[in-house]
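Fold and geometry: a report
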Amino acid sequence: MNRREAVSRVALLLGSTVIGAEFFLSGCKASDDKHATTLDFKPTDIAYLDEIAETIIPTTNTPGAKAAGVGTFMTVMVKDCYDEKNQQIFLEGMTKLDDACHKMHETSFMKATPEQRKALLVTLDNEQKEYNKDKKKEDPAHYFSQLKQLTLLGYFTSEIGATQALRYEAVPGRYDGCMPYKKGDRAWAT
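Residues numbered from 1 in each chain as written. Predicted model: local features only at pLDDT ≥ 70, side-chain atom pairs only at ≥ 80, totals over all residues. Heavy atoms only, no water.

**Topic: the nonpolar core**
Of all hydrophobic cores here, the largest spans 37 residues; its most connected members are Phe-90, Leu-97 and Tyr-155. Elements supplying a minimum of two residues to this core: helix 3 (43-56), helix 4 (70-81), helix 5 (84-105), helix 6 (114-133), helix 7 (143-156) and helix 8 (159-165). Ranked by residue count, the leading element in this core is helix 7, at 8 residues. Not counting residues within four places of it along the chain, the set of residues in contact with Phe-90 comprises Phe-41, Leu-49, Met-74, Val-78, Gln-146, Leu-147 and Leu-150. (Core = buried A, V, L, I, M, F, W, Y, C linked by side-chain atoms within 4.5 Å. Buried < 20%, exposed > 50% of the residue type's maximum accessible area, 1.4 Å probe, protein only. Helix = DSSP H or I, 4+ residues; strand = E, 2+ residues; numbered from the N terminus. Contact = heavy atoms within 4.5 Å.)

Given below as structure tokens:
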């Protein structure tokens, strides 16, 4: 996936449902009984999530997801904003993704080449799209959907994503609903 595809998918993402959105709207409460109190991510988990995110949004002419600290963002969101059911799906998904990498490339995700990582994530993305086609409201979320959505949310709400990948104007002067657009222009963050 290149930067342009990622930006267009963010637009789709922001217009659609974000897993755990009810918690974003109601506010994150770390002491809420719905959240697991023992959920703790290790630095190796954050590094693993950074690598997954970097494969989804790699460094190009702008910094990638790892530079934006998306791995840390994901851990905070999962720990503080996901209910226990979605936390479990996310944690199991981290293991499933590595197992899928072993099955596909006979190596762990962390030791896989960038090409192997990309091939795996493309396969998982197609798998989650098929899953979501027939998914009922009460069915659990697909773990790759969570990873992908958190990556896009974390990246495009970070300073790097908002100011370098998107166009950013700190203090907008006015609303102009009819801006000229040239093919290849970056989307606006604000």
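**Digging into the side chain of Asp-50**
Checked against the element boundaries, Asp-50 lands in helix 3. Once residues within four sequence positions are removed from consideration, Asp-50 is found in contact with Lys-66, Gly-69, Val-70, Gly-71 and Thr-72.

**A word on the packing of helix 5 against helix 6**
Look at helix 5 against helix 6: their axes get within 10 Å of each other, and the N-to-C directions meet at 115°. Crossing hand, helix 5 versus helix 6: right-handed. Judged by residue contacts, Leu-97, Ala-100, Cys-101, Met-104 and His-105 of helix 5 engage Gln-116, Ala-119, Leu-120, Leu-121, Thr-123 and Leu-124 from helix 6. (Axes fitted to C-alpha atoms, helices over the stretch in contact; angles between N-to-C directions. Left-handed = near helix turned anticlockwise from the far one by under 90°.)

**Description of helix 3**
Counted at 1.5 Å a residue, the expected span for helix 3 with its 14 residues is 20 Å, and the 20 Å between its end C-alpha atoms agrees. Buried within helix 3 are the following residues: Tyr-48, Leu-49, Asp-50, Glu-51, Ile-52, Ala-53, Glu-54, Thr-55 and Ile-56. Along its buried surface, helix 3 packs onto helix 4, helix 5, helix 6 and helix 7. (Expected span 1.5 Å × (residues − 1).)

**Let's talk about helix 5**
The terminal C-alpha atoms of helix 5, which comprises 22 residues, lie 31 Å apart, in line with the 32 Å expected from a rise of 1.5 Å per residue. Those residues of helix 5 not exposed but buried are Asn-86, Gln-87, Ile-89, Phe-90, Gly-93, Met-94, Leu-97, Asp-98 and Cys-101. On the buried face of helix 5, the contacting elements are helix 3, helix 4, helix 6 and helix 7. Glu-106 sits one or two residues past helix 5 and shows a positive phi near 60°.

**Quick notes on the pattern of salt bridges**
The tally for this structure, following the rule as stated, stands at 5 salt bridges. The partner of Glu-51 in a salt bridge is Lys-66, with the nearest N and O atoms 2.6 Å apart. Within this pair, whereas Glu-51 is found in helix 3, its partner Lys-66 is found in the loop between helix 3 and helix 4, the two being separated by 15 residues in sequence. In this structure Glu-51 comes out as buried when scored by relative accessible area, which is 15%. With its nearest N and O atoms 3.4 Å apart, the salt bridge here joins Lys-129 to Asp-125. Separated by 4 residues within a single helix, Lys-129 and Asp-125 lie in helix 6, roughly one turn from each other. Each member of the salt-bridge network shares a partner with another, and the members are Glu-51, Lys-66 and Arg-117. (Salt bridge = Lys/Arg side-chain N within 4 Å of Asp/Glu carboxyl O.)

**Quick look at the environment of Tyr-143**
With respect to the helices, strands and loops of the structure, Tyr-143 is situated in helix 7. Assessed through its relative accessible area of 8%, Tyr-143 is described here as buried. Through-space distance from the C-alpha of Tyr-143 to that of Leu-91 is 8.5 Å; in sequence the pair is 52 residues apart. Those residues in contact with Tyr-143, other than ones at most four positions away along the chain, are Ile-89, Gly-93, Lys-96, Leu-97, Leu-124 and Glu-127.

**Here's the deal with the side chain of Gln-87**
On the secondary structure map, Gln-87 appears in helix 5. At a separation of 3.3 Å, a polar atom in the side chain of Gln-87 contacts the main-chain carbonyl oxygen of Tyr-82. (Polar contact = N/O pair within 3.5 Å; in protein donor to acceptor, adjacent residues only side chain to side chain.)

Bear in mind that shape data such as this cannot, by itself, settle questions of function.
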